[in-house]
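If you want the building blocks of each chain, they are given just below.
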Amino acid sequence: MSLKTDLCKETASECVFPNYGIRNIVLTGGKGTRVWDSDGREYLDFLAGISVNNLGHCPDRVIEAIRAQVGELMHCSNLYLVPQQVELAQRLCELCFADKAFFANSGAEVNEGAIKLARLYSKAKFGENRYEIITLRNSFHGRTLATLTATGQDKIQKGFEPLPVGFRYGIFNDLESVRALVTDLTCAVMIEPVQGEGGVTAASPEFINGLRELCDTHNLLLIFDEIQCGMARSGKMFAHQVYGVEPDIMTLAKALGNGLPIGAMLARREVADVMQPGTHGSTFGGGPVACAAALAVLDEMRDSAIPERAAKMGDYLRSGIENALRGLPVFKGLRGLGLMVGIELACEGAEIVKKCQEHGVLINCTMGNVLRLLPPLTVTEEECDQVSDLLALIIADHAFSAHPV
């Protein structure tokens with residue numbers, strides 16, 4: 001290990017908050033599906049910044065757009081119209097159900113905005129006493145106080161009590177559990193079509209359609225958090241398009257800027273218009289540089305047919321993994337949607353993640369026993385084969401010493 005690497009780790013332990021735990025790799029560069037560390041070692045990145053680098057690392061088109069915009073105007077605040085923001089709003093709305101867009105800097109921020117919008121709309125339309133939002137167990141919606149409360153995981157909430165009021169938790173893919181929670185206080189249902197942090201679990205079509213009908217029956221807003229599963233990851237531009245169901249509000253972030261921080265909240269006109277001046281805002285949200293990057297992302301996804309490619313490569317990767325792991329006692333099956341792949345194991349997955357890293361492949365593990373694969377949507381068949389073969393070798397070897405979950 002180089003002196004540069006050691007110094008970086010030592011300095012980090014002294015002056016960086018320890019909330020991310022121990023990090024053993026110091027990444028210094030990336031291109032396409034590959035990244036390099038400070039010792040010059042190359043890795044095949046099958047996590048893509050947790051579904052951020054959907055176009056791969058440092059795509060030329062996005063870099064060019066950022067460079068051009070930085071030289072003209074970096075920031076001007078939302079006291080003034082930002083042309084790139086207006087164009088991005090129009091482009092996103094043309095791609096989905098929405099009529100209007102609001103921009104912030106992250107997924108947590110736009111999920112916070114969606115919570116505020118749902119309450120504001122419901123109070124304006126139905127009166128003061130409708131404010132509760134139903135979310136799902138094992139969901140993940142962010143780290144602010146409101147969004148970690150919306151997150152249906154006790155481990156995320158622990159230590160931050162008292163939590164804000166107004167959230168109730170159903171069971172994913174169990175429509176009756178959600179229906180039982182609806183009361184006169186309910187204003188919305190908020191879900192991830194695919195739970196990423198919750199084990200790479202995709203919603204069933206019956207569940208999604210049932211939620212839409214339930215919300216229509218009770219005049220509730222349906223909010224889709226597509227922060228991880230959106231932006232072509234599912235095989236469609238947005239995951240709800242796989243199901244043929246339109247929400248009332250949708251949130252995006254992560255891959256929207258392919259590395260630059262930007263989040264978007266999209267909504268139907270009737271819902272969006274309750275956010276009048278003074279109700280919500282963001283200093284940096286929708287800035288010219290981030291919006292220029294996002295516009296380049298949309299251009300590249302359109303011109304290179306990225307959603308279609310994600311669908312094709314998702315099928316290819318699943319087939320390869322299924323064939324490579326079939327018959328191994330610890331392999332319980334595959335989860336996810338499109339090029340969002342979860343490998344469910346009958347044992348802990350952390351050691352497998354570590355072994356993959358040692359062999360030059362980056363993945364991670366959620367819920368203790370689900371390996372999560374989120375490669376750039378530009379990944380090749382050869383790279384998928386490489387990872388499938390490696391996983392088969394590592395998991396087969398690991399099975400003899402694995403502890404069951």
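Let me sum up the structure you'll find in this document. Within any chain, residue numbers begin from 1 and follow the written order of that chain's sequence. Totals for whole chains, interfaces and linings use all residues, but because this is a predicted model, local features are given only for residues with pLDDT of at least 70 and pairs of side-chain atoms are given and counted only at 80 or more. Note: side-chain values were computed over all heavy atoms of the structure, leaving out hydrogens and water.

1. A few points about the environment of valine 242
Logical step 1: Helix and strand assignments follow DSSP, with helices taken as H or I runs no shorter than four residues and strands as E runs no shorter than two, numbered in order from the N terminus. Within the secondary structure, valine 242 sits in helix H10 (residues 240-243).
Logical step 2: Exposed residues in this analysis have more than 50% of their type's maximum accessible area, buried residues have under 20%, and partly exposed residues fall in between, with area computed by a 1.4 Å probe over protein chains only. According to the relative accessible area criterion, valine 242 is partly exposed, its value standing at 36%.
Logical step 3: Between the alpha carbons of valine 242 and glycine 338 there is a distance of 9.5 Å; along the sequence they are 96 residues apart.
Logical step 4: The contacts of valine 242, once residues within four sequence positions are left out, are Ser234, Lys236 and Leu337. Residues count as neighbours in contact if any of their non-hydrogen atoms are within 4.5 Å of one another.

2. Focus: unusual backbone geometry
Logical step 1: Here glutamate 161 and proline 162 are connected by a cis peptide whose omega angle stands at 0°.
Logical step 2: Along the chain, proline 162 turns up in the loop between helix H7 (154-157) and strand E6 (167-170).
Logical step 3: In the Ramachandran plot, serine 51 falls in the positive-phi region, its phi being about 65° despite a non-glycine side chain.
Logical step 4: Note on placement: serine 51 falls in helix H2 (residues 48-51).
Logical step 5: In the Ramachandran plot, asparagine 258 falls in the positive-phi region, its phi being about 50° despite a non-glycine side chain.
Logical step 6: Looking at the secondary structure, you find asparagine 258 in the loop between strand E11 (249-252) and strand E12 (263-267).
Logical step 7: Looking at asparagine 258, the relative accessible area reads 7%, which means it is buried.

3. Things to note about the pattern of salt bridges
Logical step 1: Salt bridge, as used here: a side-chain nitrogen of Lys or Arg that lies within 4 Å of a carboxyl oxygen of Asp or Glu. A complete count under the given rule lists 21 salt bridges for this structure.
Logical step 2: Aspartate 273 is the salt-bridge partner of lysine 100, the closest N and O atoms lying 2.6 Å from each other. Here aspartate 273 lies in the loop between helix H11 (269-272) and helix H12 (288-303) and lysine 100 lies in strand E4 (residues 100-104), a separation of 173 residues in the sequence.
Logical step 3: By relative accessible area, which is 31% here, lysine 100 ends up partly exposed.
Logical step 4: In this structure, the salt-bridge partner of arginine 212 is aspartate 216, at a minimum N-O distance of 3.0 Å.

4. Looking at the pairing of strand E14 (residues 340-345)
Logical step 1: The buried fraction of E14 amounts to 6 of the 6 residues, a majority that puts the element mostly inside the structure.
Logical step 2: Burial along E14 is two-sided: the face carrying Met340, Gly342 and Glu344 and the face carrying Val341, Ile343 and Leu345 are both buried.
Logical step 3: Pairing between strands is defined by DSSP: at least two bridges between the two strands are required. Where strand E13 (residues 331-337) meets E14, 6 bridges bridge the pair, whose relative direction is antiparallel. The residue bridging phenylalanine 331 from the neighbouring strand is leucine 345, located in E14.
Logical step 4: Connecting E13 to the next strand, E14, in antiparallel fashion are 2 residues, including glycine 338 with a positive phi near 60°.
Logical step 5: As paired strands, E14 and strand E17 (residues 370-373) are joined by 4 bridges and run antiparallel to one another. By the bridge assignment for E17, isoleucine 343 is matched with leucine 371.

5. A closer look at the packing of helix H4 (residues 83-94) against H12
Logical step 1: Each axis is a line fitted through C-alpha atoms, taken for helices only over the stretch in contact, and angles between the N-to-C directions span 0 to 180 degrees. Running from amino to carboxyl end, H4 crosses H12 at an angle of 35°, the nearest separation of the two axes being 8 Å. Seen along the crossing, H4 lies across H12 with a hand that is left-handed. Facing Gln84, Gln85, Glu87, Leu88, Arg91 and Leu92 of H4, the residues of H12 in contact are Pro288, Cys291, Ala292, Ala294, Leu295, Leu298, Asp299 and Arg302.
Logical step 2: Along the lines of polarity and charge, the residues of the contact of H4 with H12 split into 8 nonpolar, 2 polar and 4 charged. Left-handed describes a crossing whose near helix is turned anticlockwise from the far helix through less than a right angle; right-handed describes the clockwise counterpart. The nonpolar class holds Ala, Val, Leu, Ile, Met, Phe, Trp, Tyr, Cys and Pro. Asp, Glu, Lys and Arg form the charged class, and all remaining residues, Gly among them, are polar.

6. Let's talk about the sheet that holds E12
Logical step 1: Strand order across the open sheet formed by 7 strands is E4-E12-E11-E10-E7-E5-E6, with mixed pairing between neighbours. Edge positions in the sheet fall to E4 and E6, since each has one partner strand and no second. Taking the axes of each pair of neighbouring strands and ignoring which way they run, one obtains an average angle of 20° across the sheet.
Logical step 2: The pairing of strand E5 (residues 132-136) with strand E7 (residues 186-191) spans 3 bridges and is classified as parallel. The residue of E7 that forms the bridge with glutamate 132 is threonine 186.
Logical step 3: The strands touched by helix H9 (residues 205-218) within the sheet are E5, E7 and strand E10 (221-225), with E10 carrying the most contacts at an inclination of about 145°.

7. Notes on the packing of aromatic side chains
Logical step 1: Aromatic pairs are defined between Phe, Tyr and Trp rings, using the six-membered ring for Trp, whenever the two ring centres lie within 6.5 Å; interplanar angles under 30 degrees are classed as stacked, those over 60 as edge-to-face, and all others as tilted. A full pass over the atoms with the stated rule returns 1 aromatic pair.
Logical step 2: Here phenylalanine 172 and phenylalanine 207 contribute two aromatic rings whose centre-to-centre distance is 5.8 Å and whose plane-to-plane angle is 65°, an arrangement assigned as edge-to-face. In this pair, phenylalanine 172 sits in the loop between E6 and helix H8 (175-179) while phenylalanine 207 sits in helix H9, placing the two residues 35 residues apart along the sequence. Residues phenylalanine 172 and phenylalanine 207 agree in their burial class; the two are buried.
Logical step 3: Charge over a ring is defined by NZ of Lys or CZ of Arg lying within 6 Å of the ring centre and within 35 degrees of the ring normal. Sitting over the ring of phenylalanine 126, arginine 130 keeps its end group 4.1 Å from the ring centre.

8. Here's the deal with the nonpolar core
Logical step 1: Take the buried residues of types Ala, Val, Leu, Ile, Met, Phe, Trp, Tyr and Cys, join any two whose side-chain atoms come within 4.5 Å, and each joined set is a nonpolar core. With 64 residues, the main nonpolar core has Leu92, Met231, Leu371, Leu373 and Leu391 as its most contacted residues.
Logical step 2: Residue contributions to this core peak at 10 residues, all from H12.
Logical step 3: Beyond its immediate sequence surroundings of up to four residues, leucine 92 is in contact with Phe103, Phe238, Leu252, Leu256, Ala264, Leu266 and Leu298.
Logical step 4: Formed by 30 residues, the second largest nonpolar core is a distinct cluster that contains Ile191, Val194, Phe207 and Leu211.

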